[in-house]
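Residues per chain are reported as follows:
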Amino acid sequence: MKTLIICDDESVISKIDTFLQKNGIDTIIYRWLLKALDNLEEISPDSIIVSVYDYPRHWKTLAQFINANLCRKNAKLILYVPQNFSSEEKKKADSLNVSGFVESLDENSLLKILSLVKGQNLETKEIAHDSKNDKKAGGLLSRIENLYGKE
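Each value, and the rule that gives it
Residues numbered from 1 in each chain as written. Predicted model: local features only at pLDDT ≥ 70, side-chain atom pairs only at ≥ 80, totals over all residues. Heavy atoms only, no water. Helix = DSSP H or I, 4+ residues; strand = E, 2+ residues; numbered from the N terminus. Buried < 20%, exposed > 50% of the residue type's maximum accessible area, 1.4 Å probe, protein only. Contact = heavy atoms within 4.5 Å. Areas by Shrake-Rupley, 256 points an atom, 1.4 Å probe, with all protein chains shown as cover. Pairing = 2+ DSSP bridges. Axes fitted to C-alpha atoms, helices over the stretch in contact; angles between N-to-C directions. Polar contact = N/O pair within 3.5 Å; in protein donor to acceptor, adjacent residues only side chain to side chain. Expected span 1.5 Å × (residues − 1). Arc of directions from axis to C-beta.

A. Highlighting the overall build of the chain. Looking only at helices and strands, the chain features 7 helices and 5 strands. Ordering the α and β elements of the chain from the N terminus gives β-α-β-α-α-β-α-β-α-β-α-α. By residue count, 46% of the 151 residues in the chain fall in the buried class. The long-range share in the chain, meaning contacts at least 24 apart out of those at least 6 apart in sequence, stands at 67%. By element, 48% of the accessible surface of the chain is carried by carbon and sulfur atoms, the whole surface being about 8400 Å².

Structure representation (structure tokens):
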């Protein structure tokens, strides 16, 4: 099992990398998201952890790339997000099939990352759904509206 960590903060990288390796998960670390995106097909990870702190916009491009099956595997995408990550951004992440979020790197959050990486069936998303959002499966236009909003 291989996990790609995309982050530019050494302390975050160290915590996640050490924890995953202690639990038998191979890790690959990239500090630049676009470089990782360029090599994603060759890396072929089972899961990807991205720091939204470092890449507040680029994670969406990565998620779309994964969803379009432009890499060999449909990797699970896990976001390390700030505590003020808005519900609107969480809705966008939901429409992009993000597997889960973590807001800190305490023991519980690291265990949550591990369960997501290993594919264990835990409730990990905390996204408020409304009736308008449930139409997102209706087609490309509604998915685009979910991502970028209506005019």
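Still to come is the rest of the account.
B. How the structure looks around the sheet that holds strand β5 (residues 100–102). On the basis of which strands lie adjacent, the open sheet formed by 5 strands has the order β2-β1-β3-β4-β5 and parallel pairing. If you trace the sheet from one side to the other, it starts and ends with β2 (26–30) and β5, each paired once. In this sheet, neighbouring strand axes are inclined to one another by 20° on average, regardless of whether the strands run parallel or antiparallel. Pairing of strand β3 (residues 47–51) with strand β4 (residues 76–80), which is carried by 5 bridges, proceeds in the parallel orientation. Across the sheet, Ser 47 pairs through a bridge with Lys 76, a residue of β4. On the sheet, helix α1 (residues 10–22) packs against β1 (2–6), β2, β3 and β4 and is oriented at approximately 165° with respect to β2. Packing of helix α4 (residues 58–67) onto the sheet brings it into contact with β1, β3 and β4, and relative to β4 it is tilted by some 170°.

C. Inspection of the side chain of Ser 109 at higher detail. Relative to the helices and strands, Ser 109 resides in helix α6 (residues 107–118). When its relative accessible area of 11% is taken as the criterion, Ser 109 is described as buried. Reaching out from Ser 109, the side chain makes a polar contact with the side chain of Ser 104 at a distance of 3.0 Å. For Ser 109, the contacting residues outside a window of four places in its chain are Val 102 and Ser 104.

D. Broad picture of the environment of Gln 64. On the secondary structure map, Gln 64 appears in helix α4. Separated by 31 residues in sequence, Gln 64 and Ser 95 have C-alpha atoms that sit 9.9 Å apart.

E. Highlighting α1. An ideal rise of 1.5 Å per residue puts 18 Å on 13 residues; α1 measures up with 18 Å between its terminal C-alpha atoms. For α1, the set of buried residues is Val 12, Ile 13, Ile 16, Asp 17, Phe 19 and Leu 20. Down the axis of α1, the buried side of the element spans an arc of 170°, and every buried residue falls inside it. Residues of α1 that are buried sit in contact with β1, β2, β3, β4 and α6. Within two residues after α1, Gly 24 carries a phi angle of roughly 80°, on the positive side.

F. Local environment of unusual backbone geometry. In this structure, Ser 44 is a non-glycine residue whose phi angle is positive, near 50°. Mapped onto the elements, Ser 44 comes out in the loop between α3 (40–43) and β3. Notably, Asn 97 is not glycine yet its phi reads approximately 60°, a positive angle. Along the chain, Asn 97 turns up in the loop between α5 (87–95) and β5.

On their own, these measurements won't tell you what the molecule is for.
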